[in-house]
Amino acid sequence: MSNFKVTLHRILNSSSQRSRQQLFEKLKSAATGGVWTKSCVRFFNDKLTCVRSIGLQCNVIAAHRVRRSGQILNLYHSLYGRSSPVQFFKKLGDLIRNNPKGKMFFLLGAAFFDWKENRVSDPDLNRVADELKVFFDLKTTDYHDKQGETWEKILDEDHFKLWRCPVQGSSLYKYKVFGSYKDIPARAFFNIQLDLEYRKTWDSHVMRLEKVEQDEQTGSEVIYWATQFPLGFLYNRDYVYVRRSKIDLKNNFMMLTAKSVDHPSFPVTKDFIRVGDYMSNMMIRPHRSFDDKGFDYVLSYYDDPHLSVPTWAVNRMTMSSLPAFLESLHVAAKNLCESKGYVSRFKLDDTSDNDNTDTMKTTA
């Protein structure tokens, strides 16, 4: 029989009150002053000391977090001013009202996109215009631009000319193209490059093409574009870029500019290879007016497709695919002009900016 059972048996079977009192006194003394009690007290004191230390540590961490949060708020206030938090919460509210509940993480990602850093500004447009307009009437074989880069003419035809320039730190090239058409108006060639829905009908390589969001200040748009790569055994590519368009009535030209950006709503995935270094600028100059047939254009283009093939093969493929794509634009614009829905498809907005900029409104 165990000690506990023996003790219990003695208590229950004590023949006298005195013996029971003696046993209770012994148990009481063992419970109040014995080794077991001292061990319990020591154990609980150690645990309380540990809990107290953890509490002090948490207080230190919480105080550090609060201090760091205050420093971050002060930094953003000094960088962006008082209006940034108001603009952020306003935009977040608009996104929540206009999108399903299941896209909360998408909305939060879009709300954090920095338009101040990524929009196409007016100085950017002016810089691109100055860079491109030289090539409309360029007669020399090679051209040395203001940045000290040499553009080598590699194709010289009456209505199509092609220059290339090596990219610093790479074996790839960037390209400039001069082209001229007489059978379609400049506005049609300009319009089809803005119309994402129409491109899905004539460009068989498009897998996904959509506008992500738009900047209210400049009209710049973030576009996501997933495309089938021409070589079927290679991974398909996707792009995230910001673009802006402009029609200058005073100087009689049109502008389209695009550059790659990072957007939190469209991170890199395993399904596509992200083309993170992409640039495309086009300037269109009509022979007479935007709606009369006949215009010239200059295109500046570069991207790095991240191909695991020799760079000479990449350069050769670009030289062949770029004229083919431009001809596809030409054919698509010509087909659009001959369709019955051309007049109603694109409409001019009644309002125009102070700098005589004509604003285009596209209807699907």
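Residues numbered from 1 in each chain as written. Predicted model: local features only at pLDDT ≥ 70, side-chain atom pairs only at ≥ 80, totals over all residues. Heavy atoms only, no water.

Taking an unreviewed UniProt entry as the reference, the chain is identified by name as Phosphatidylcholine transfer protein belonging to Ruditapes philippinarum. On record in UniProt, under Subcellular location (unreviewed entry), the comment for the chain is "Cytoplasm". (UniProt positions renumbered as here; feature names shortened; annotations may be inferred.)

Enquirer: I'd love a proper account of the overall build of the chain, names of residues and values included.
Expert: Each helix and strand in the chain was counted, giving eleven helices and 13 strands. Here the contacts in the chain between residues at least 6 apart in sequence split such that 56% fall between residues at least 24 apart. (Helix = DSSP H or I, 4+ residues; strand = E, 2+ residues; numbered from the N terminus. Contact = heavy atoms within 4.5 Å.)

Enquirer: Explain the pairing of strand β4 (residues 173-185) to me, using residue names and the numbers behind them.
Expert: For β4, the buried fraction is high: ten of the 13 residues fall into the buried class. Here strand β3 (residues 160-166) pairs with β4 via seven bridges, running antiparallel. Of the residues in β4, the one forming a bridge with R164 is Y175. Here β3 folds back onto β4, and the loop between the two strands holds six residues, one of which, G169, carries a positive phi near 80 degrees. Bridge count for β4 against strand β11 (residues 293-303) is eight bridges, and the pairing is antiparallel. Bridge assignment links V177 to a residue of β11, and that residue is L299. (Buried < 20%, exposed > 50% of the residue type's maximum accessible area, 1.4 Å probe, protein only. Pairing = 2+ DSSP bridges.)

Enquirer: Lay out the pattern of salt bridges in plain terms, naming residues and giving numbers.
Expert: Taken as a whole, this structure holds 19 salt bridges when the rule is applied. Across the salt bridge formed by K161 and D156, the nearest N and O atoms sit 2.8 Å from each other. Relative accessible area serves as the criterion here: at 16%, K161 is assigned to the buried category. Measuring nitrogen to oxygen at the nearest pair gives 2.9 Å for the salt bridge that ties R274 to D238. On the criterion of sequence distance, the pair formed by R274 in strand β9 (residues 273-274) and D238 in strand β7 (residues 237-248) is long-range, its members being 36 residues apart. (Salt bridge = Lys/Arg side-chain N within 4 Å of Asp/Glu carboxyl O.)

Enquirer: Describe the nonpolar core, listing the residues and the values that go with them.
Expert: General note: in soluble globular proteins, nonpolar side chains tend to be found buried as a group. Among the nonpolar cores identified, the biggest contains 40 residues, and F189, I284 and Y297 are the most heavily contacted of them. Non-local contacts of F189, meaning those with residues more than four positions away in its chain, are made with Y181, I184, M282, I284, F295, Y297, L326, L329, H330 and A333. L125, Y143, Y224 and V240 belong to the second largest nonpolar core, which has 28 residues in total. (Core = buried A, V, L, I, M, F, W, Y, C linked by side-chain atoms within 4.5 Å.)

Enquirer: I'd love a proper account of the side chain of N118, names of residues and values included.
Expert: The residue N118 is located in helix α6 (residues 115-118) in this model. When near neighbours in sequence (up to four residues on either side) are disregarded, N118 contacts F113, V242, K259 and V261.

Enquirer: So, helix α8 (residues 186-194): which residues are in play, and what are the values?
Expert: The buried count for α8 comes to eight of nine residues, which makes it a mostly enclosed element. Buried within α8 are the following residues: A186, R187, A188, F189, F190, N191, I192 and L194.

Enquirer: Just give me the short version of unusual backbone geometry, but keep the residues and values in it.
Expert: Of note in the backbone geometry, N252 takes a positive phi value of approximately 60 degrees without being a glycine. Inspection of the secondary structure puts N252 in the loop between β7 and β8 (253-260). In this structure N252 comes out as partly exposed when scored by relative accessible area, which is 24%.

Enquirer: An account of the packing of aromatic side chains is requested, with residue identities and associated values reported.
Expert: Considering all chains together, one arrives at 16 aromatic pairs under this definition. Considering the side-chain rings of Y181 and Y297, the 6.0 Å spacing of their centres and the 20 degrees angle between planes classify their relative orientation as stacked. Residue Y181 is found in strand β4, and its partner Y297 is found in strand β11; the two are separated by 116 residues along the sequence. Exposure class is identical for Y181 and Y297. Each is buried. Between the aromatic rings of Y278 and Y301, the centroid separation amounts to 5.9 Å while the plane-to-plane angle is 75 degrees, which identifies the pairing as edge-to-face. On the criterion of sequence distance, the pair formed by Y278 in strand β10 (residues 278-286) and Y301 in strand β11 is long-range, its members being 23 residues apart. (Phe/Tyr/Trp six-rings, centres within 6.5 Å; stacked < 30°, edge-to-face > 60°.)

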